[in-house]
Amino acid sequence: MTGPLAQTFFSVSAAPPINFNVEALGNLFWQLTVDGLAYGSIYALVAVGYTLVYGVLRLINFAHSEIFMLGMFGQYAVLMLLGFAPSGNAYNEGTVMTIIYLGIAMIGGMAVSGGAAVGLERLAYRPLRKRNAPSLVFLITAIGASFVLQEFVHYILPTLTGGELGGVNAQVPIRLVAPEPQFTLFGATVTNITLIIIISAIVLAVATDMFVNRTKFGRGIRAVAQDPTTATLMGVSRERVIILTFLIGGILAGAAALLYTLRVPNGIIYSGGFILGIKAFCAAVLGGIGNLRGALLGGLILGVMENYGQVLFGTGWRDVVAFVLLILILMFRPTGILGESLGRARV
Amino acid sequence: MTNNPSFDARPKAGVGDSFRSWWNAQSRPMQWLFGVPFILLIALLPILNVPVLTTVGTNFGGVMAQFGMYALIAIGLNVVVGQAGLLDLGYVGFYAVGAYTVALLTSPNSPWNQTGPGGWLSSDWAWLACLPIAILITALSGLLLGSPTLRLRGDYLAIVTLGFGEIVRLLADNLEEITGGGRGLSQVAYPRFGTTEEFPLGVFSAGNVGKTLNSGVWWYWLSIVLIIIVLLFVGNLERSRVGRAWVAIREDEDAAEIMGVPTFKFKLWAFTIGASIGGLSGALYAGQVQFVVPTNFNVVNSVLFLCAVVLGGQGNKLGVILGAFIIVYLPNFFLGRTEILGIPIDGDSIAEYKYFFFGLALMVLMIFRPQGLLPVRQKLLTYGRELFVAARRRQHDEAAAPVEVTK
């Protein structure tokens, strides 16, 4: 090839836009793994909301990311009511009181998210179910609801709360816990925040798993996921099961919201749930959507892989790694790592 | 995506039914005879400056130019979502690929700039020459994304395309040496046409402002020409074997496959054709604003495009154009308006809340009119147009003069 075309296409000598920093990945491996697990457990908790609703209704609850976002505002409002002024500086209340305050804030976040999720189901999805709408209609409604909730916090919440909550800018953080290294594991520093996130996530995940797999209500959820018609004939109230799944998903999203704000104190903003929600959905698909344990596993894998990718390719590539991972998994294993049935999750 | 038979998406009778039946009964030349003046009227809207329609806070020509672009996008997305029933949440990705193709080839900031000395693009014709390249490259990107992902079920496809849209934007943001990253690429080429002493850069340049015939109006007219070409192309496809296969896939993919429709192949066709139309509108956009930055290709835009298609009526080409008009025009209509019909309103904040209202509109629409404002009617596709017109003519005549029923 000669001429200007060859000249310009082959003489480009720009610096490589992607770096392959294998050395840094090797040095930071365990640190990245620990941090990734902490971040991944937040994804995992949000992913459970997607997976349960999908398992029962075959619906991608696109607005679940906004349920999570409302949870962030919920726990923030509770902390403000408890008398914490948003200053950005860390409070030091002592270990016991901090845990109590965190517990109260988490319950606040759970209440707001759980309530919002059930409200969303009643107001937006139930009318469609009554009309027997096809799945595309559900998905578009979910997208609409996502817009409405975001813009509600963006524009209407500030006027309702006198500018205290919501608006264009992120909330000034209320920091109950300052990150402090606790111990080292394989050369990786484990901070108190990482510990809180991982321990809470394990407790919540085990509790949810027990609830779905061992209780009567959980059996109802699995029955409806497996075969709604037969489940109804056997005396399971489908409507009640649906409300229950939205409630569980919302509660876990609310808990995840508190853990997320510990990790990212400046993340409380109206648009703060969107990308995290998409990634949590990726996590659910990764593990096998509709499968509870799959969502938990998928969240952890996504969190860790993303962290590796961030160091290997550069900070800007973090999200790209997540989406490329999703596409690759779907190409080679379309039903996710653990398969997709909620009904068959426990044999 | 299987349709539930008990869910009746199509209304029994609508407001436009009599008009639709009359229109369908006309022959092709007659349709052109009525259609051309109507198109001319629509084209002249920004010049006629109708006091009710015109926008107060911003230039009406510019709004109409934006509408033309959105209409083109809506037609392209309609092929994918409305006709083939594949939910694409990352359509903005194709739009971005089209825009960046033009920008990379013609912007002086780009390492692949071909307009300067030594480049193979003459600066006067650069934009036009880039159009087919942009269409080709977006079609290729559609093929690339489609071939691994179109085997997935509907819901998965939606999320994978969403990921694709984000990946394209993030690539544009991160590949700083090529795309300029967050700074973007400026001085993108545009058609150098009608250069006079007053406008040394031609009527399409951003410098052409202030007059009635500003650059917005010119871009609007250009987009109308493109829309008509694309509509003819898509309309012919719709009436062909390809279009019938799409409808079959949309209604019931499994049944279509069993009846011998190669579903994967036709889904890939829909995806590629939709993508190339998206690329065309992206190229139009790049030329019009002469500046391309990653933030203009957020996922929110994808949702807005989808909103236009769903609002107007997925599957109906005229419907989605109406949807695009509503999406673009309504926020601009309220911009800067302080009263409407004597009632004082705060137009600026209504325009600002547009996503809130669009979201609400989507939710309400899905409950009460999921088929959109101008829903698609299933036509008799099998035997070609002549038979369809004949059948419609008879139906129309019967409706006009009902036959007396005697005992």
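Definitions and cut-offs
- Residues numbered from 1 in each chain as written.
- Chains lettered and ligands numbered in written order.
- Predicted model: local features only at pLDDT ≥ 70, side-chain atom pairs only at ≥ 80, totals over all residues.
- Helix = DSSP H or I, 4+ residues; strand = E, 2+ residues; numbered from the N terminus.
- Buried ≥ 20, exposed ≤ 12 C-beta atoms within 10 Å, placed from the backbone.
- Rg over C-alpha atoms; globule rule 2.2 N^0.38 Å.
- Contact = placed C-beta atoms within 7 Å.
- Core = buried A, V, L, I, M, F, W, Y, C linked by C-beta atoms within 7 Å.
- Expected span 1.5 Å × (residues − 1).
- Pairing = 2+ DSSP bridges.
- Axes fitted to C-alpha atoms, helices over the stretch in contact; angles between N-to-C directions.
- Parallel < 35°, antiparallel > 145°, perpendicular 65-115°, else oblique.
- Nonpolar A, V, L, I, M, F, W, Y, C, P; charged D, E, K, R; others polar.
- Left-handed = near helix turned anticlockwise from the far one by under 90°.
- pLDDT = per-residue confidence, 0-100.

Another aspect to go through is the overall build of chain B. When its secondary structure is counted, chain B shows 16 helices and four strands. Sorting the 407 residues of chain B into buried and exposed places 46% on the buried side.

Assigned secondary structure in chain A consists of 13 helices and two strands. Radius of gyration (C-alpha) of chain A: 22 Å, near the 20 Å computed for a compact globule of 347 residues. Buried residues in chain A amount to 51% of all 347 residues. For chain A, restricting intrachain contacts to residue pairs at least 6 apart in sequence, the fraction spanning at least 24 positions comes to 78%.

A:A44, A:A256, A:L326, B:L72, B:A74, B:A308 and B:A324 are the most contacted members of the largest nonpolar core, which has 222 residues in total. The biggest single contributor to this core is helix α3 (residues 29-57) of chain A, with 17 residues. Not counting residues up to four positions away in its chain, the partners in contact with B:A74 are B:F305, B:A308, B:V309, B:G312, B:V320, B:I321, B:G323 and B:A324.

On to the environment of B:Y355, then. Along the chain, the position of B:Y355 falls in helix α15 (residues 354-368). Considering only alpha carbons, one finds B:Y355 and B:L304, 51 residues apart in sequence, at a separation of 8.6 Å. Other than its neighbours up to four places away in sequence, B:Y355 contacts A:F147 and A:E151.

The next thing to look at is helix α8 (residues 215-238) of chain B. Residues and elements named next belong to chain B. The end-to-end C-alpha separation of α8 is 34 Å, in line with the 34 Å expected for 24 residues at 1.5 Å each. For α8, the complete set of buried residues consists of S215, G216, V217, W218, W219, Y220, S223, L226, I227 and V230. Next to the buried residues of α8 lie α2 (28-48), α3 (60-83) and α11 (263-289).

What follows covers the pairing of strand β1 (residues 181-185) of chain A. For a regular strand, side-chain orientation follows a simple rule: the groups alternate between the two sheet faces. All names here are of chain A. Of all five residues that make up β1, zero are buried, and the element is exposed over most of its length. The sheet contact formed by β1 and strand β2 (residues 188-191) spans four bridges and is antiparallel. Bridge pairing links T184 to T189 in β2.

Attention now moves to the interface of chain B and chain A. A common measure of how large an interface is: the accessible area buried when the components associate. Contact residues are listed per partner, giving 45 residues for chain B and 44 residues for chain A. Put simply, the parts of the chain that give the side of chain B that touches chain A at least two residues each are α5 (126-149), α6 (154-174), α7 (176-179), α12 (299-312) and α15 of chain B. The element contributing the most residues to the side of chain B that touches chain A is α6(B), with 13 residues.

What follows deals with unusual backbone geometry. Residues and elements named next belong to chain A. The phi angle at R58 is positive, at roughly 55°, despite the residue not being glycine. Looking at where R58 falls in the secondary structure, it is placed in the loop between α3 and α4 (64-81). A tally of 15 C-beta atoms within 10 Å means that R58 is categorised as partly exposed.

All names here are of chain B. Contact pair α3 / α11: the axes reach a minimum separation of 8 Å and the direction vectors enclose 170°. By the criterion of interaxial angle, the relationship of α3 to α11 is roughly antiparallel. On the side of α3, the interface is formed by A65, M69, L72, I73, I75, G76, L77, V79, V80 and Q83, while α11 contributes A270, F271, I273, G274, I277, G278, L280, S281, L284, Y285 and Q288. Broken down by class, the residue content of the contact of α3 with α11 amounts to 15 nonpolar, six polar and no charged.

Moving on to the packing of α4(A) against helix α11 (residues 274-287) of chain A. Residue and element names in this part refer to chain A. Between α4 and α11, the shortest axis-to-axis distance is 8 Å and the interhelical angle comes to 125°. It follows from the interaxial angle that α4 and α11 lie oblique. Where α4 crosses over α11, the two elements pack in a sense that is right-handed. For the pair α4 and α11, the contacting residues are H64, S65 and F68 in the first and F274, L276, G277 and I278 in the second. For the contact of α4 with α11, the per-class residue count stands at four nonpolar, three polar and no charged.

Residue and element names in this part refer to chain B. Averaged over every residue, the pLDDT of chain B is 80; the share at 70 or more is 85%. Note on residues 1-12: pLDDT is under 50 here. Beyond four places in sequence and across chains, it has 22 contacts. Here the prediction assigns the complex a pTM of 0.83, and the interface score ipTM is 0.79.

Looking now at the environment of A:V212. All names here are of chain A. Position of V212 relative to the elements: it lies in helix α7 (residues 192-214). Through-space distance from the C-alpha of V212 to that of Q226 is 13 Å; in sequence the pair is 14 residues apart. Here V212 is in contact with G218, I221, R222 and L292, once residues within four sequence places are set aside.

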